[in-house]
Each structure stands twice: as structure tokens, then as C-alpha cells.
Amino acid sequence: MDAEVGPTLYPLHRTKTIHLVRHAQGIHNVEGDKDYGAYISEALFDAHLTPLGWQQVDNLRNHVQKCGLNKRIDLVIASPLLRTMQTAVGVFGGEGYSDGIEATPLMVANAGQSNRPAISSLNCPAFVAVELCREHLGVHPCDRRRSITEYRPLFPAIDFSLIESDADVLWLADVREENEAVAARGQKFLNWLWSRQEKEIAVVTHSGFLYHTLSVFGNDCHPSVKSEICTHFANCELRSMVIVDRGMMGSNSATTNYPGKIPSGIDLPSDVAEEKHA
């Protein structure tokens, strides 16, 4: 590709802004770093955040509030696992929950061994759990989810209605999902994301899912741009990107465009008028 290619233009209503976040440090990250074989341990089932992970959540929360991102997001999507939902509500949720506030908590106190107070859903976006953005499926118990029946009391204000099965029927004990399958699932997720009405969406998901989903993009960009898209995410890292509808998948009508020439009148540019009368 030509590294000297300049900027390009695209209609605003054919774009959507997404803020991609990898979950904060989980107990599986710590144990897996010591010994990769630990990933097959049942002790890491549906891994929750570590105390350091919660510090990372607090740091990212401070960042999104300082830069004003929390006021722009229309929707928060989370993979339905403890570590992603804990990260999502900790970063993008309301302030601490207390009795007497008429708002369903996003997370109850100490959910998932968090040793944290409840988190309110007051004055924050809607939260939805989506299976398509889960981590690599199979073999590793840390990537197996609990039943939705178990999650609902822990995260009362998260919408689980898009998840079809109460039990985890996607995770298999003896088959690890192929990288190509993760990428295909990621493309399906992005297509679904495009169909949403919201224009600015936060997605809290996993390292493997992000890496394999994004690896197919950026090949027509400068190498430094591709590296921004395709490199692995650190724990609790956030990257903001734009989805562009190049194929007319069904973009919403423009809300800011204005047709002009109202009331009607002659408004031909001088060069066009000259051609017309030549």
C-alpha cells in the first residue's frame, strides 16, 4: 500500500463509534502467567477480577470521566462472564448504590468475590450481555460462564434477554475454538453491532476475541495504523474506533444533513452556470 495516501472522507451517518475494552486483570491472568497449564484448572472457573484488576477498573473509570466519554456512550455491551461484567459496571456504571435510591443496582455488593460495594444504574447507559463477544470457547474453565439464573441476582440491571440458553451450551470441555472461528464470530458480532440504533457503544470483552476479530482489519492502512488496530490489548485497555458502512448494509438516515435550497431558487454554481449557457 502507498504510505503517502492522504485523508479520506465518509458520510457521518454511515459510521458508528465503538469503544473496545479488554477486561481488567483476572485471577486466571495471574495463575496463567505463572504456569500456562493452570488455565485448565477448575479453580479458575469463570475467573473474577483480582484486587489489582479493580484498581485498573478505577483508573479507567477516572479516565473516561475526565475525558467526558462516559457522557457520550449510548450503550454498554459486555461478554457474560464475571470479569467482563465486573469491568463494565465498574468503569461505566453509576456511583455507589445505597438503600433509598430508586435505581436497580448494576452489581450487588461483593458480587464475584469483589469485596466492593454495590454499583448503581442511576445516570448511566443501558447494559446488555451478549454471547457473541465471549472469549475463545472450550477447554479452559476460566472461559466457561455460569447460568444466567446465577448471574441475574448479581447484576440485576444488566439485560440478559439476548442470551438464549440459561446454561452455557457453547463451551466444550474437550474442544478449543479455532482462531478462524473466533474471527468469524467477531465479524458476526460487528455486523450485529452495526444493526443497533445506538451510535456510540462501549464493548467490554476479552483479549483473544479482540485480537482475532480485529486482525482482519487495517491491511489497507499505514503500518502504524494497523498496529493500533491489530495488536494485543493490555488488561483494562480502551481503544476507540469507528465502524464504516462501505457496503450499504442499511445505514440510518442522516440526522444532521440539510437539503438546502429551501425555499427554492436558482443556485447554480458559477462554473456550472457557465457550462449550461456555453
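Residues numbered from 1 in each chain as written. Predicted model: local features only at pLDDT ≥ 70, side-chain atom pairs only at ≥ 80, totals over all residues. Heavy atoms only, no water.

J.: How should I be thinking about the packing of helix H5 (residues 179–195) against helix H6 (residues 207–214) in this particular structure?
T.: A pair of packed helices is characterised by two quantities: the angle between their axes and the separation of those axes. Contact geometry for H5 and H6: axes closest at 8 Å, N-to-C directions at 80°. Regarding the angle of H5 to H6, the classification is roughly perpendicular. Contacts from Asn179, Val182, Ala183, Arg185, Gly186, Gln187, Phe189 and Leu190 of H5 reach H6 at Gly208, Phe209, His212 and Thr213. Here the residues of the contact of H5 with H6 are counted per class, giving five nonpolar, six polar and one charged. (Axes fitted to C-alpha atoms, helices over the stretch in contact; angles between N-to-C directions. Helix = DSSP H or I, 4+ residues; strand = E, 2+ residues; numbered from the N terminus. Parallel < 35°, antiparallel > 145°, perpendicular 65-115°, else oblique. Contact = heavy atoms within 4.5 Å. Nonpolar A, V, L, I, M, F, W, Y, C, P; charged D, E, K, R; others polar.)

J.: Explanation requested: the nonpolar core in the structure shown.
T.: Note that soluble globular proteins tend to have their nonpolar side chains buried in a common cluster. Phe92, Phe127, Tyr151, Phe155, Ile158 and Phe160 are the most contacted members of the largest nonpolar core, which totals 34 residues. Considering each element in turn, this core owes the most residues, six residues, to helix H3 (residues 82–92). Each residue touching phenylalanine 160, except ones within four places of it in the same chain, is listed here: Met85, Ala129, Ile148, Tyr151, Arg152 and Phe155. Judged by nonpolar contacts, the second largest core, of 22 residues, contains Leu20, Cys133, Leu193 and Phe209. (Core = buried A, V, L, I, M, F, W, Y, C linked by side-chain atoms within 4.5 Å. Buried < 20%, exposed > 50% of the residue type's maximum accessible area, 1.4 Å probe, protein only.)

J.: I tried to follow a nonpolar patch on the surface on my own but got confused; where do I start?
T.: Together, Tyr10, Val242 and Val244 give the surface a local cluster of nonpolar side chains, amounting to about 240 Å² of exposed area. Here tyrosine 10 lies in the segment before strand S1 (15–22). (Patch = residues over 30% accessible without salt bridge, like charges linked within 9 Å, V, L, I, M, F, W, Y side chains within 5 Å. Areas by Shrake-Rupley, 256 points an atom, 1.4 Å probe, with all protein chains shown as cover. Salt bridge = Lys/Arg side-chain N within 4 Å of Asp/Glu carboxyl O.)

J.: Help me out: how do you make sense of H3 in this one?
T.: By the criterion of burial, H3 is predominantly enclosed, with eleven of the eleven residues buried. If you check which residues of H3 are buried, you get Leu82, Arg83, Thr84, Met85, Gln86, Thr87, Ala88, Val89, Gly90, Val91 and Phe92.

J.: Got a minute to help me understand the state of the cysteines in this structure?
T.: Note on terminology: disulfide describes a covalent bond linking the sulfur atoms of two cysteines. For the coordinates displayed, the defined rule picks out zero disulfides. Looking at the unpaired cysteine 230, the closest cysteine sulfur is the one in cysteine 221, lying at 8.5 Å. (Disulfide = S-S within 2.5 Å.)

J.: What's the story with unusual backbone geometry in this structure? I'm lost.
T.: Note on backbone geometry: most residues besides glycine have negative phi, and most peptide bonds are trans. Phi is positive for aspartate 46, which is not a glycine, with a value near 45°. Positionally, aspartate 46 belongs in the loop between helix H1 (27–34) and helix H2 (51–66). Exposure remark for aspartate 46: the relative accessible area of 0% places this residue in the buried category. We note that asparagine 115 has phi near 55°; this positive angle belongs to a residue other than glycine. Along the chain, asparagine 115 turns up in the loop between strand S3 (105–107) and strand S4 (119–120). According to the relative accessible area criterion, asparagine 115 is exposed, its value standing at 69%.

As far as function goes, none of this settles anything; it's purely spatial.
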